[in-house]
Amino acid sequence: MAFVCRNAAALLKTSRAAPTLVSAAARLCSSGVQYEYIMVEKRGEKKNVGFIQLNRPKALNALCDGLMKEMGEALDALESDRDVGAIVITGSDRAFAAGADIKEMQNQTFQKCFSGNFLAHWNRVSTVKKPVIAAVNGFALGGGCELAMMCDIIYAGEKAQFGQPEILLGTIPGAGGTQRLTRAVGKSLAMEMVLTGDKINAQEAKQSGLVSKIFPVDQLVSEAVKCGEKIAANSKLVSAMAKEAVNAAFEMTLAEGNHMEKRLFHATFATDDRKEGMTAFVEKRKANFQDK
Ligand code: HXC
């Protein structure tokens, strides 16, 4: 079932409205307006997993400007949807995404790139507060690999291939590839991939720590949704704090990161959900989190 949010997301973006209006806008998502380059719906038994599928099959899901703008709109809407506790981004069996759209970039100039801050809006994927899972089948190349790495968890299908082949086009990664890949797989492998353009397969990606799990191609998406459901069953409020704390490890010194973690840990004691979680344990029952 299509769960499409273009108008709602536009409204959310421009609106400084009260939370009730914002969630009303999020609910507009069921109004049936189609995106051009992506498909968006809610999956899982409780429909609490936002699901974004890249849908540009003829171009192997090359990430044209229109696609990334729609991605931002869909993420805005899912972020504002109180029922959604996690988001899965996936492509097709053949390609997660074969990179930024080379045909669109072919005639770009430095002047336009610089003055227009070319591709800056891609960053929206990495600023989502809700946990985001990339389910990667097939090619995840260039911007496709970078898109996966902006997500919080990467699951790979057995035939997935990851690479940063920009060097073969006379350019370099521009959406975090040199930074996130290096942090994920270490300097030597990152350098080798960025300097040669060579791809790594799913097994190599798993061994190097780029992905956390590998599944048969036809089970990948359902496993990613299951992971999303598991996350969505926890407190959304506390999950956002946990995500912020883990991400701090990539930005801060150990002392700063530990300090921030401690502050967030203390902050969980201001939530009803922390109390409910511990009370449920003591009472030997399942916690019923209210995201408060
Ligand atoms: C635009 C692309 C594309 C891309 C594939 N296509 N990748 N179009 N941008 N990144 C198009 C092809 O032009 C072709 O369309 C169709 O998809 C199928 O591709 P083929 O090459 O015919 O398929 P195949 O032989 O199976 O090879 C698959 C492939 C190859 C290995 C993935 O397509 C490839 O090398 N693609 C480019 C990968 C790449 O360099 N990515 C990095 C891009 S730069 P037509 O209509 O021509 O038949 C980048 C910079 C990021 O991402 C910077 C910051 C975001």
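In case you missed it, the structure is sitting above this.
Residues numbered from 1 in each chain as written. Predicted model: local features only at pLDDT ≥ 70, side-chain atom pairs only at ≥ 80, totals over all residues. Heavy atoms only, no water.

### A closer look at the nonpolar core
At step 1: In terms of nonpolar packing, the biggest core is built from 49 residues, with Ile52, Ile89, Phe162 and Leu210 touching the most fellow members.
At step 2: The greatest single-element share of this core, amounting to 6 residues, is contributed by helix α3 (residues 65-80).
At step 3: Within the second largest apolar cluster, 13 residues are counted, among which are Val49, Ala86, Ala224 and Ile231. (Core = buried A, V, L, I, M, F, W, Y, C linked by side-chain atoms within 4.5 Å. Buried < 20%, exposed > 50% of the residue type's maximum accessible area, 1.4 Å probe, protein only. Helix = DSSP H or I, 4+ residues; strand = E, 2+ residues; numbered from the N terminus.)

### Here's the deal with the pairing of strand β1 (residues 38-43)
At step 1: Bridging between β1 and strand β2 (residues 49-54) involves 6 bridges; their strand directions are antiparallel. Each residue of the ladder has a partner; that of Lys42, found in β2, is Gly50.
At step 2: In this structure, the hairpin formed by β1 and β2 is closed by a connection of 5 residues, where Gly44 is found at a positive phi of approximately 95°. (Pairing = 2+ DSSP bridges.)

### Quick word on the site of the ligand
At step 1: The immediate surroundings of the ligand are formed by 24 residues, with Arg94, Ala98, Ala100, Ile102 and Gly143 found nearest.
At step 2: One nitrogen or oxygen atom from the side chain of Arg94 is found 2.8 Å from an oxygen atom belonging to the ligand.
At step 3: The separation between an oxygen atom of the ligand and a polar main-chain atom of Ala100 is 2.8 Å.
At step 4: Contact with the protein chains covers 66% of the free accessible surface of the ligand, which is 1,000 Å².
At step 5: Breaking the shell around the ligand down by element, the ones donating at least two residues are α4 (102-105), β6 (139-141) and α7 (143-150).
At step 6: If you tally residues by element for the shell around the ligand, the top one is α4, at 3 residues. (Near = heavy atom within 4 Å. Polar contact = N/O pair within 3.5 Å; in protein donor to acceptor, adjacent residues only side chain to side chain. Areas by Shrake-Rupley, 256 points an atom, 1.4 Å probe, with all protein chains shown as cover.)

### Remarks on the side chain of Thr268
At step 1: Mapped onto the secondary structure, Thr268 falls in helix α13 (residues 254-268).
At step 2: Taking the relative accessible area as the measure of exposure, Thr268 reaches 11% and is therefore buried.
At step 3: In terms of polar contacts, Thr268 uses its side chain to reach the backbone carbonyl oxygen of Phe265, at 2.6 Å.

### Thoughts on helix α8 (residues 177-185)
An α-helix turns once per 3.6 residues; consequently, residues spaced three or four apart project the same way.
At step 1: Gly177, Leu181 and Val185 are the residues of α8 that are buried. Buried residues of α8, seen end-on, are gathered within an arc of 20° and therefore sit on one face of the element.
At step 2: In the core, the buried residues of α8 are packed alongside α7 and α9 (187-196).
At step 3: Just downstream of α8, Gly186 is the residue with a positive phi angle, here 90°. (Arc of directions from axis to C-beta. Contact = heavy atoms within 4.5 Å.)

### A look at the environment of Phe215
At step 1: By secondary structure assignment, the location of Phe215 is in strand β10 (residues 213-215).
At step 2: Since its relative accessible area comes to 13%, Phe215 is described here as buried.
At step 3: Sequence separation of Phe215 and Val136 is 79 residues, and the distance between their C-alpha atoms is 9.9 Å.
At step 4: Those residues in contact with Phe215 that sit more than four places away from it in its chain are Tyr155, Ala156, Gly157, Glu158, Leu220 and Glu223.

### Brief notes about the sheet that holds strand β8 (residues 161-163)
At step 1: Taken in spatial order, the 4 strands make up an open sheet running β4-β6-β8-β9, and their pairing is mixed. Looking at which strands have only one partner, the edges of the open sheet turn out to be β4 (95-97) and β9 (200-201).
At step 2: Here β6 runs beside β8; their pairing, made up of 3 bridges, is parallel. Residue pairing across strands places Ala140 opposite Phe162, the latter belonging to β8.
At step 3: Each of β4, β6 and β8 is contacted by α7, which is oriented at about 95° to β6, the strand it contacts most. (Axes fitted to C-alpha atoms, helices over the stretch in contact; angles between N-to-C directions.)

### Section: the side chain of Asn48
At step 1: Summarising the element assignment, Asn48 is placed in the loop between β1 and β2.
At step 2: Look at Asn48 and you get buried, because its relative accessible area is 10%.
At step 3: Residues within four places of Asn48 in sequence aside, it is in contact with Arg43, Asp83, Val84, Gly85, Ala86, Glu229 and Ala232.

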